[in-house]
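Coordinate analysis (summary)
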Amino acid sequence: MTQTTEAAAVEETRSPGGLRIHRAWFVAAVTFVTIIGAAAFRSLPGLLIDPLHEDFGWSRGTIGAAVSVNLALYGLTAPFAAALMDRFGIRRVVAVALTVIAVGSGLTVWMTAAWQLMLCWGLLVGLGSGSMALAFAATVTNRWFTERRGLVTGILTAASASGQLIFLPVLSWMVEKHDWRPAAVTVALAALAVVPFVWLLLRDHPADVGLKPYGATEFVPKPEPVQGAARRAVTVLFKAARTGPFWLLAGTFAICGASTNGLVQTHFVPAAHDHGMPVTAAASLLAVIGVFDVVGTVASGWFTDRFEPRRLLAVYYALRGISLLFLPMLLAPSVHPPMLFFIVFYGLDWVATVPPTVALCREQYGEDSAIVFGWVLASHQVGAALVAFLGGVARDVFGTYDMIWYASGALCAAAALMALVIRRRPVAPALATA
């Protein structure tokens, strides 16, 4: 890459006023908007439980099982998607993933049996969403930034919460006023709308436009496509699995998924409705969680650049566990100040765990950190899937969600202790080679 090409590319990043803005920030902005558009599907599962139960007579356990498949595939697909991005490029993988999400969500409109819910929402949307998981954000951050990585990770992680904020009130209104099918179509259209945006504006690597990564002192050539994406993902897993920090990170993140996506995102709306709260009001509270999640996650990224990630994780999990232990006492027919305090408190902590977890993966596993984080994210979603299913079963058996709230609070306390025993490793070689 010549200096002339680099200079020309730098000129493309100048604002009209002459202020130089690195292209990495534009790539981060495209990634942010992409994740927002794809977040529509994350907002819908908790809204579907009661309508599908009423429409088809399916038990909450059956519906929860479909959500579990979705959540599990969301995580299990992530490490392979990260490897595929190394092989085919970020842009192609994300565009295909969004299309699969749109097809899966759109087909649910014609389903008549529970296995079709498993196929459309569980399998197709699960596979598509897994390729759009946080490993996508980690890959973009690792390629385009050498400075401000914690902050950028926090911002991109917050994009999912921003999408929830945008879509959840609209989708809940649709479900309540017009049935669940228009909401499913809206999710499909939102995913499709982002595809041309990704294809035209997203770039795979700084070298594609002749730039250094943000904060880098030297130009980084674009690596050759990595052959054998699946083999590489599995090889990295096997080597990482021989290290203690991997299991601690996977264990803490499994509890993170159990206490967020699996529990609150899936079961908060029906649990609040059990206590007489209107669905729209409960969904609006989840949207408010999204507001404070943005603040908490960006702040967590800023903290991660400055403080020890292990201690941050311990604090986040401890505070989350305390809040969940109080939730059963706060559910009521109407929204009252203590519930609002819980929503704010819990929202600040929702995915604040992501930036320090990504930082610890990077510290421990170097160049393979995006794939390792993909496997750690897989454990997150397995935990989420398990609790999404068990929460529905608990509601069917006991007629209440109380037991699952208390159990999740206790698990968060265990996660806080696990985070503290992760040892530091300042220098880490790559686990696998191309």
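Quick note: structure is the one above.
Note that the structure is predicted; figures quoted are calculated from it, not measured.

Conventions we followed
- Residues numbered from 1 in each chain as written.
- Predicted model: local features only at pLDDT ≥ 70, side-chain atom pairs only at ≥ 80, totals over all residues.
- Heavy atoms only, no water.
- Helix = DSSP H or I, 4+ residues; strand = E, 2+ residues; numbered from the N terminus.
- Polar contact = N/O pair within 3.5 Å; in protein donor to acceptor, adjacent residues only side chain to side chain.
- Core = buried A, V, L, I, M, F, W, Y, C linked by side-chain atoms within 4.5 Å.
- Buried < 20%, exposed > 50% of the residue type's maximum accessible area, 1.4 Å probe, protein only.
- Axes fitted to C-alpha atoms, helices over the stretch in contact; angles between N-to-C directions.
- Parallel < 35°, antiparallel > 145°, perpendicular 65-115°, else oblique.
- Left-handed = near helix turned anticlockwise from the far one by under 90°.
- Contact = heavy atoms within 4.5 Å.
- Nonpolar A, V, L, I, M, F, W, Y, C, P; charged D, E, K, R; others polar.
- Salt bridge = Lys/Arg side-chain N within 4 Å of Asp/Glu carboxyl O.

**Remarks on the environment of Thr-99**
- Its location among the elements puts Thr-99 in helix 7 (residues 90-107).
- For the pair Thr-99 and Leu-189, spaced 90 residues apart in sequence, the C-alpha separation works out to 9.7 Å.
- One polar contact links the side chain of Thr-99 to the main-chain carbonyl oxygen of Ala-95, over a distance of 3.0 Å.

**A short note on the nonpolar core**
- Formed by 86 residues in total, the largest nonpolar core has its most connected members in Leu-44, Leu-47, Val-264, Phe-268, Met-339 and Trp-405.
- Counting residues in hydrophobic clusters, the runner-up holds 32 residues, among them Met-132, Val-152, Ala-191 and Val-195.

**Re the packing of helix 5 (residues 60-76) against helix 8 (residues 114-131)**
- Packing of helix 5 against helix 8 leaves a shortest axis separation of 7 Å and a crossing angle of 20°. Regarding the angle of helix 5 to helix 8, the classification is roughly parallel. For the element pair helix 5 and helix 8, the recorded crossing hand is right-handed. Taken together, the residues of helix 8 that come into contact with helix 5 (itself represented by Thr-62, Ile-63, Ala-65, Ala-66, Val-69, Asn-70, Leu-73 and Tyr-74) are Ala-114, Leu-117, Met-118, Trp-121, Gly-122, Leu-123, Val-125, Gly-126, Leu-127, Ser-129 and Gly-130.
- Partitioning the contact of helix 5 with helix 8 into residue classes produces 13 nonpolar, six polar and no charged.

**Some thoughts on the pattern of salt bridges**
- One pass over the full model with this rule turns up five salt bridges.
- The shortest N-O distance in the salt bridge between Arg-181 and Asp-55 comes to 3.6 Å. Remark: Asp-55 occurs in helix 4 (residues 45-56) and Arg-181 occurs in helix 11 (residues 181-201); sequence separation between them is 126 residues.
- Given the relative accessible area of 25%, Arg-181 is considered partly exposed.
- Of the charged contacts, one joins Arg-320 and Asp-349 as a salt bridge, the two residues approaching to 2.9 Å between their closest N and O atoms. Highlighted residues: Arg-320 in helix 16 (residues 309-330) and Asp-349 in helix 17 (residues 337-349), separated in sequence by 29 residues. For the pair formed by Arg-320 and Asp-349, the shared burial category is buried.
- One salt-bridge network, held together by shared partners, links Asp-55, Asp-179 and Arg-181.

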